[in-house]
Amino acid sequence: MNKLILTSISIIFAFNSIFGQTNEEKYAEDVKSVDAIINAYYDVVSGSSSEPWEFERDNYIHSKNAVITRLDDNGKAESHTLEAEYIPIGLSLKEDFYEKELKRKVSKYGNIAQVWSAFEIRTDTKTESNIRGLNSIQLHYENGRWWIDSWTCEMESEKSSVVSEFMTKE
């Protein structure tokens, strides 16, 4: 089943590049600045259940060997590739899901950038949420564009008030 999903995603990428605009043309605005790529990062995961997944766009903003790490409530890390991220998404029905950025701090040195980004998760844009987390996103600039190389996420919990601490610090 996993091979079927990955094959389907690959076919979509292939047909889009053969019969449509190139990814460089479609997503050039997404990677022109750190702010643009972080906005795209949140945009690709957010949307209503009736909107299609944006696997192609998400893949475009990440570097080839991007690593995703999530910390559990005890701080234990679990890392995987972007491709592995798509497997559970492709196996389930899409639901309304909105990841809204609350605060961002960016540090840039030469061709690298570190972004700290607090967010909240909602299933309805009009409903308040207490589901929050903090992303640490690493990027690099190469060939005239930004790339996301990795991101690490920790959700706020009873054991960790990472978002509250981040939101109150300057």
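Given the structure is predicted, the values throughout are model-derived calculations rather than measurements. (Residues numbered from 1 in each chain as written. Predicted model: local features only at pLDDT ≥ 70, side-chain atom pairs only at ≥ 80, totals over all residues. Heavy atoms only, no water.)

Peer 1: Any chance you could explain a negative patch on the surface here in plain terms?
Peer 2: Judged by side-chain charge, Glu51, Glu95, Asp96 and Asp124 come together as a negatively charged surface patch. Examined against the element boundaries, Asp124 turns out to sit in the loop between β4 (112-122) and β5 (132-142). (Patch = residues over 30% accessible without salt bridge, like charges linked within 9 Å, V, L, I, M, F, W, Y side chains within 5 Å. Areas by Shrake-Rupley, 256 points an atom, 1.4 Å probe, with all protein chains shown as cover. Salt bridge = Lys/Arg side-chain N within 4 Å of Asp/Glu carboxyl O. Lys, Arg positive; Asp, Glu negative; His and termini not counted. Charge placed at Lys NZ, Arg CZ, Asp CG, Glu CD. Helix = DSSP H or I, 4+ residues; strand = E, 2+ residues; numbered from the N terminus.)

Peer 1: Could you clarify how one ought to interpret the nonpolar core in this entry?
Peer 2: For soluble globular proteins, nonpolar side chains are generally found buried alongside one another. Ranked by internal contacts, the top residues of the largest apolar core, which has 24 residues, are Ile37, Ile38, Ile137, Leu139 and Ile148. With six residues, the top contributor of residues to this core is helix α3 (residues 34-45). Apart from residues no more than four positions distant in its own chain, Ile148 is found in contact with Ile37, Tyr41, Ile61, His62, Ser63, Ala66, Ile137, Gln138 and Leu139. Counting residues in hydrophobic clusters, the runner-up holds five residues, among them Ala118, Val162, Val163 and Phe166. (Core = buried A, V, L, I, M, F, W, Y, C linked by side-chain atoms within 4.5 Å. Buried < 20%, exposed > 50% of the residue type's maximum accessible area, 1.4 Å probe, protein only. Contact = heavy atoms within 4.5 Å.)

Peer 1: How should I be thinking about the environment of Thr123 in this particular structure?
Peer 2: Among the structural elements, Thr123 can be located in the loop between β4 and β5. Between the alpha carbons of Thr123 and Asp96 there is a distance of 5.3 Å; along the sequence they are 27 residues apart. Setting aside chain neighbours within four positions, we find Thr123 in contact with Asp96 and Tyr98.

Peer 1: Looking at this model, I keep getting lost on the side chain of Thr69. Mind explaining?
Peer 2: Structurally, Thr69 is set in strand β1 (residues 62-71). The exposure class of Thr69 is buried, given its relative accessible area of 11%. If near-sequence neighbours (up to four positions away) are discounted, Thr69 is found in contact with Ala77, Glu78, Ser79, Trp151, Thr152 and Cys153.

Peer 1: Hey, could you run me through the pairing of β1 in this one?
Peer 2: Residues in a regular strand project their side chains so that they alternate between the two faces of the sheet. Direction of pairing for β1 relative to strand β6 (residues 145-155): parallel, over a ladder of six bridges. Opposite Val67, over in β6, you have Ser150 as the bridge partner. Pairing analysis gives five bridges linking β1 to strand β2 (residues 77-81), with the strands arranged antiparallel. Counterpart to Thr69 in the pairing with β2 is Ser79. (Pairing = 2+ DSSP bridges.)

Peer 1: Help me understand the sheet that holds β4 in this model?
Peer 2: Hydrogen bonds between backbone atoms are what pair the strands of a sheet, whose relative direction is either parallel or antiparallel. One open sheet holds the six strands; their spatial order is β2-β1-β6-β5-β4-β3, and the pairing between them is mixed. The outermost strands of the open sheet, each flanked by one partner alone, are β2 and β3 (98-109). Neighbour to neighbour, the strand axes of the sheet diverge by 20° on average, direction disregarded. As paired elements, β4 and β5 share nine bridges and run antiparallel to each other. Looking at the pairing, Ala118 lines up with Leu134 of β5. This element, α3, spans β1, β3, β4, β5 and β6 of the sheet and lies at about 155° to β3. (Axes fitted to C-alpha atoms, helices over the stretch in contact; angles between N-to-C directions.)

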